[in-house]
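The residues making up each chain are set out below.
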Amino acid sequence: MRTYDTDSITLEEVRDNVWEIPQSGEMNVPARVLASESLLEEISGDRTLQQLKNTTELPGITKYAVCMPDGHQGYGFPVGGVAGIDAETGCLSPGAVGYDVNCGVRMMRTNLTYDDLTGTETELVETLFEAIPCGLGGGGVLEVDRKTVDELLNAGVEWAVDAGYAVEEDLRRCEDEGRRPEATPDAVSQEAKDRGRSQIGSLGSGNHFLEVQRVTDVFDPEIADAYGLEPDQIVVLIHTGSRGLGHQVCTDYLAAIKQSHSELLDSLPDTELAAAPAGSELAASYYTAMCAAINFAWVNRQVVMHQTREVFETVFDRPWESMGMELLYDVAHNSAKLETHEIDGENRELYVHRKGSTRAFPAGREEIPETYRSVGQPVLIPGSMGTGSYVLCGGDAAMTETFGSTAHGAGRVMSRTQAKREFWGGDVQQELQDQQHIYVKADSGATIAEEAPDVYKDIDEVIAVSEALGIGKPVARTFPVCNIKG
DNA sequence: ATGTTC
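Predicted model only: the values in this text are computed from it and were never measured.

Peer 1: Break down the packing of helix α8 (residues 190-197) against helix α10 (residues 243-260) for me, with residues and values.
Peer 2: The N-to-C vectors of α8 and α10 enclose an angle of 165°; their axes lie 7 Å apart at closest approach. Taken together, the axes of α8 and α10 lie roughly antiparallel to each other. The two elements α8 and α10 cross, and the hand of that crossing is right-handed. Of the residues in α10, those in contact with E191, A192, K193, R195 and G196 of α8 are G244, L245, H247, Q248, V249 and D252. The class makeup of the residues in the contact of α8 with α10 is three nonpolar, four polar and four charged.

Peer 1: Report on the UniProt feature "binding site: Mn(2+) 1" (unreviewed entry) in chain A, specifying residues and quantitative values.
Peer 2: Using the residue numbers shown here, the UniProt feature "binding site: Mn(2+) 1" (unreviewed entry) corresponds to D100 and H208. Look at the named residues: they lie 109 residues apart in sequence, but the longest C-alpha span between them is just 11.0 Å, so in the fold they bunch up. Inspection of the secondary structure puts D100 in the loop between β7 (91-92) and β8 (104-113). Not counting residues within four places of it along the chain, the set of residues in contact with D100 comprises H208, G241, S242, R243 and N334. You can see H208 is positioned in the loop between α8 and β9 (209-218). With a relative accessible area of 7%, H208 lands in the buried category. Once residues lying within four places of it in the same chain are set aside, the contact partners of H208 are D100, C103, L203, H239, T240, G241, K485 and G486.

Peer 1: I'd like a description of the pairing of strand β17 (residues 389-394), backed by residues and values.
Peer 2: Put simply, side chains in a regular strand alternate between the two faces of the sheet. Taking burial as the measure, the six residues of β17 include six buried ones, the bulk of the element. Pairing between strand β16 (residues 378-381) and β17: four bridges, direction antiparallel. The partner of P378 across the bridge, within β17, is C393. When β17 meets strand β20 (residues 472-485), the two strands line up antiparallel, connected through six bridges. Counterpart to Y390 in the pairing with β20 is R477.

Peer 1: Describe in detail the nonpolar core, supporting the description with residues and values.
Peer 2: In terms of nonpolar packing, the biggest core is built from 78 residues, with L124, L210, V212, V249, M290, F312 and I484 touching the most fellow members. Ranked by residue count, the leading element in this core is helix α12 (residues 281-316), at 20 residues. Those residues in contact with L124 that sit more than four places away from it in its chain are L117, V212, V311, F312, V315, F316 and C482. Residues A35, L39, L350 and V440 belong to the second largest nonpolar core, which totals 68 residues.

Peer 1: Break down the protein's contact with DNA strand B for me, with residues and values.
Peer 2: Surveying the vicinity of DNA strand B reveals 16 residues, the closest of which are R195, G206, N207, R243 and H247. At 2.8 Å from a phosphate oxygen of DNA strand B is found a main-chain nitrogen or oxygen belonging to S205. Between H247 and DNA strand B, the recorded distance is 3.3 Å, taken from a side-chain N or O atom to a sugar or linking oxygen. Counting only elements with at least two residues in the surface near DNA strand B, the list comes to α8 and α10. In terms of residue count, the dominant contributor to the surface near DNA strand B is α10 (three residues). Looking at the surface near DNA strand B, its residues break down into two nonpolar, nine polar and five charged.

Peer 1: I'd like to hear about the packing of aromatic side chains, residue by residue, with values.
Peer 2: Here the structure, examined in full by the defined rule, presents nine aromatic pairs. With centroids separated by 5.2 Å and ring planes inclined at 85°, the aromatic side chains of Y75 and Y99 adopt a geometry described as edge-to-face. Here Y99 lies in the loop between β7 and β8 and Y75 lies in the loop between β5 (65-72) and β6 (79-86), a separation of 24 residues in the sequence. Its relative accessible area of 26% is what places Y99 among the partly exposed residues. Each ring, one from F219 and one from Y390, has its centre 6.1 Å from the other, and the planes form 15°; the classification is stacked. Pair noted here: F219 is in the loop between β9 and α9 (221-227) and Y390 is in strand β17, with a separation of 171 residues, a long-range link. Since its relative accessible area comes to 42%, F219 is described here as partly exposed. With a relative accessible area of 7%, Y390 lands in the buried category. A network of ring pairs unites the aromatic residues Y227, Y329 and Y372 as a single cluster. Taking NZ or CZ as reference, R214 lies 4.1 Å from the ring centre of Y114, over its face. Its guanidinium or amino end placed over the ring of Y456, R412 lies 5.7 Å from that ring's centre, counting from NZ or CZ.

Parameters and conventions
Residues numbered from 1 in each chain as written. Chains lettered and ligands numbered in written order. Predicted model: local features only at pLDDT ≥ 70, side-chain atom pairs only at ≥ 80, totals over all residues. Heavy atoms only, no water. Axes fitted to C-alpha atoms, helices over the stretch in contact; angles between N-to-C directions. Helix = DSSP H or I, 4+ residues; strand = E, 2+ residues; numbered from the N terminus. Parallel < 35°, antiparallel > 145°, perpendicular 65-115°, else oblique. Left-handed = near helix turned anticlockwise from the far one by under 90°. Contact = heavy atoms within 4.5 Å. Nonpolar A, V, L, I, M, F, W, Y, C, P; charged D, E, K, R; others polar. UniProt positions renumbered as here; feature names shortened; annotations may be inferred. Buried < 20%, exposed > 50% of the residue type's maximum accessible area, 1.4 Å probe, protein only. Pairing = 2+ DSSP bridges. Core = buried A, V, L, I, M, F, W, Y, C linked by side-chain atoms within 4.5 Å. Near = heavy atom within 4 Å. Polar contact = N/O pair within 3.5 Å; in protein donor to acceptor, adjacent residues only side chain to side chain. Phe/Tyr/Trp six-rings, centres within 6.5 Å; stacked < 30°, edge-to-face > 60°. Lys NZ or Arg CZ within 6 Å of the ring centre and 35° of its normal.

Here you go:
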């Protein structure tokens with residue numbers, strides 16, 4: 001058997017693209033990295049493997065901890081990590097969800113072609129940048145009062161329908177129909193709500209963005225047809241999360257859990273993995289607060305999409321409906337969810353923690369919108385602003401291999417600090433425009449440098465692993481036209 | 001990711 005050795009951890013190759021850290025010591029289960037050898041080499045360059053191994057010490061974790069091909073280190077738990085933890089005997093860990101609760105992406109279709117956009121790129125990118133707040137801090141499209149924030153934390157995208165920022169059809173094209181019904185606004189601190197009130201309809205910072213793209217490749221015509229995608233078509237990808245509200249929920253509950261459950265904390269190899277035991281009061285309240293933050297993020301992406309529709313109306317001087325600007329799908333990248341999975345022949349109720357990982361349910365699952373159910377759920381995987389993105393379809397193997405999950409992006413290979421040393425934002429921007437006809441706009445050159453295409457792993461290789469394992473099947477590829485960066 | 005180092 002081939003092995004891959006690092007200073008402290010040895011992985012065994014189970015088969016192509018599957019590497020295992022065997023169970024030993026305090027580990028409750030093994031850990032698996034799903035990666036080609038070259039991706040594994042990148043993954044082993046930071047603390048990801050140690051964090052993944054630490055994750056297996058969480059009580060109640062089942063089967064194995066998973067690291068996706070785009071994995072990198074995160075707070076306590078790797079970004080690109082999946083853990084299915086028993087919901088009765090296990091625990092719930094905020095660090096295994098992430099600070100940006102329901103960070104995720106949605107794709108909106110249009111019936112425009114690349115030719116329709118040619119010549120409007122500069123106006124389009126400028127108008128989008130004007131209409132959609134970017135960067136750190138407050139300032140969203142909306143500012144709502146305290147009563148309204150409670151309503152939308154509870155109702156999710158249904159609130160946006162009532163408030164005129166969404167149509168009924170948008171609801172049906174969101175994971176969980178844009179609402180986690182378990183959400184309890186009372187479990188969210190006033191501080192978190194006050195941070196969120198002024199941030200509805202904003203991108204935020206980091207790797208968040210809005211990108212106008214064109215479909216360059218269709219790999220599976222039948223599924224692409226079901227998703228309403230064809231070559232040369234213009235689509236819009238929106239990547240943002242729950243902003244300061246979700247961050248505050250994570251901060252609040254990490255502090256409370258560390259204080260109330262020190263015994264569990266002391267048994268874990270990293271305080272950043274702090275977890276509330278299943279059945280505890282804090283597990284229940286964190287779950288309902290996290291669901292509220294999930295709903296907030298869906299409303300946020302919905303309002304950003306609403307703004308995008310209005311921008312297209314301005315630039316192309318037509319109603320958005322006539323441009324076919326329908327939501328294709330919206331997926332969460334950071335969440336914990338109660339799901340039933342078969343473990344060793346037994347159906348078990350799990351808190352499936354996905355952090356930087358996308359649900360990828362295959363054909364037939366009732367959780368998938370009816371229009372897509374016969375083919376499988378759309379999985380949206382953004383790449384860097386110079387390489388484009390993929391639309392995948394959930395594969396059968398996801399249910400047996402990865403708790404119904406696949407990757408979520410390209411994954412960084414370089415720190416932001418290092419990126420700013422290596423690249424000059426203005427040069428990156430000019431090069432993208434001159435050589436690839438990609439129009440990028442951001443608040444500062446530093447933002448563009450930090451997100452330069454070369455700071456990311458090879459998205460094609462990440463997707464190839466997903467395809468080879470049968471957890472996500474490539475349907476279409478897109479290429480950037482205009483990009484506004486948080 | 002983040003009112004960017006409470």
